[in-house]
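Commentary on secondary and tertiary structure
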Amino acid sequence: MKKFLVILISLLFLGAAIFAVLGTLFTDKLLSEKLDEVKVISEEKRDKNILNETKETKLHHLYRKNNMPRSDLFPDFVRIKSEGTFRTNSEGDWKNFNEESYYSLNDPAFLSNSKLETGRFFWIRDIDLFIKGEGTQLRKYLSSLNLREETGPKIARLFLMRYLSDIVYFPSQLFNGDLITWKTASKGKIAAEIKFNDLTVEGEFTYNDLGEIETFKSSVDESESEENRTYLFIEFSDYKSFDGYYIPLKSISSWITPHLEYEFKISKIQKLDYDLPELFTEEEQKF
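Before going into details, it helps to say that this report is about the structure given with it. Remember, predicted model here, so these are calculated numbers, not experimental data. (Residues numbered from 1 in each chain as written. Predicted model: local features only at pLDDT ≥ 70, side-chain atom pairs only at ≥ 80, totals over all residues. Heavy atoms only, no water.)

**Topic: helix H3 (residues 153-165)**
As a reminder of what qualifies: In this description a helix means any DSSP run of H or I spanning at least four residues, a strand means any run of E spanning at least two, and both kinds are numbered starting from the N terminus. Helix span, expected: 1.5 Å multiplied by one less than the number of residues in the helix. The buried label applies to any residue whose accessible area, calculated with a 1.4 Å probe on protein chains only, is under 20% of its type's maximum; exposed applies above 50%, and partly exposed to all values in between.
In a regular helix each residue adds 1.5 Å, so 13 residues correspond to 18 Å; H3 covers 18 Å between its end C-alpha atoms and thus fits that length. A large share of H3 lies buried, amounting to 10 of its 13 residues. Here H3 has its buried residues at Ile155, Ala156, Arg157, Phe159, Leu160, Met161, Arg162, Tyr163, Leu164 and Ser165.

**A closer look at the pattern of salt bridges**
So the rule is basically this: Salt bridge criterion: a side-chain nitrogen from Lys or Arg within 4 Å of a carboxyl oxygen from Asp or Glu.
Within this structure, the stated rule accounts for 12 salt bridges. Between Lys265 and Glu99 there is a salt bridge, with the nearest N and O atoms lying 3.4 Å from each other. Residue Lys265 is found in strand S13 (residues 261-274), and its partner Glu99 is found in strand S2 (residues 95-105); the two are separated by 166 residues along the sequence. A relative accessible area of 23% places Lys265 in the partly exposed class. The shortest N-O distance in the salt bridge between Arg139 and Asp126 comes to 2.8 Å. With a gap of 13 residues between them, Arg139 in strand S5 (residues 134-141) and Asp126 in strand S4 (residues 122-131) connect regions that are remote in the sequence. Given a relative accessible area of 12%, Asp126 falls into the buried group. Within this structure, Glu99, Asp128, Arg162, Asp166 and Lys265 form a network of salt bridges that share partners.

**Digging into helix H2 (residues 58-67)**
Going by this rule: Taken from the helix axis, the directions to the C-beta atoms give the arc we talk about. Contact criterion: two residues are considered in contact whenever any of their non-hydrogen atoms come within 4.5 Å of each other.
Taken as a whole, H2 has its buried residues at Leu59, His60, Leu62, Tyr63 and Asn67. Angularly, the buried residues of H2 cover 165 degrees about the axis, an arc narrow enough to put them on a single face. Looking at the buried side of H2, the elements it contacts are strand S7 (180-186), strand S8 (189-196), strand S9 (199-207), strand S10 (213-219) and strand S12 (245-256).

**Observations regarding the layout of surface pockets**
For clarity, the threshold we go by: Using a 1 Å grid laid over the protein atoms alone, points where a 1.4 Å probe fits but cannot get out form a cavity; open sets with protein on both sides within 12 Å along at least 5 of 7 lines form a pocket; any residue with an atom within 4 Å of a point counts as lining. Grid points are joined across faces, edges and corners, and a volume is the space filled by probe spheres set on the points. Under the scheme applied, nonpolar residues are Ala, Val, Leu, Ile, Met, Phe, Trp, Tyr, Cys and Pro; charged residues are Asp, Glu, Lys and Arg; polar residues are all the others, including Gly.
One number sums up the size of the largest pocket: a volume of about 1,100 Å³. Together, 37 residues line the largest pocket, and Asp128, Arg162, Trp255, Phe264 and Lys265 are the ones closest to its centre. For the lining of the largest pocket, the residue count by class is 18 nonpolar, 10 polar and nine charged.

Here is the structure:
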């Protein structure tokens, strides 16, 4: 009986391993296909003149002066690898994650692939897709079993909000007057509105005297009344020069609700490349 149980457990582990390997291969194929779609969008060259037609604000002036020594740098694509910790609620344990994200800087589009550590031999893959104004969020256990798939206007709007917050990593979009409208709110703060297809998102940035963006805040659902809204709040720090851009390496993301405020994600950039539209290698994706 004992021998039978050992064999059974071994077979179950073997089956799970095969399941995970096949699921990973399938998911990697999906990522490659979706990256091709993002690359096509990034290759559709925009008129660079629109980058100089936006209303010049103090933030733009400071950024040009202090943080963008190469004024001719307008990449079409960026990829970012980051690592950090996350939790799913205010009382939850912090877990490790790594993430790879790929962005088109022409029409806004991105692919994000996160590996969330849930145990010594277990993980969840979160895949966020924002392509041609449509958003899809996938969650796969062991990269294989679908736990969740969400689409629709709310997901699309949430992902456009993420694109706006991530502008700190590809700040040539600060000057893209065809995509973003800037409205000064008060000293050290500036409100931004991004429009794409039928989607509109507003967010507020704060910045210091060097033009470094320090925080971003945006309402998750603006149809809610002011007192019932949930906000995404992100703090940026540890600025460093990357290929002629000055960007923050660290971010701390929080949810602000009418009754609760808590940090849910702490992230640190490990690698960033402009105009290199390729998936990170398997070695680069490991914890």
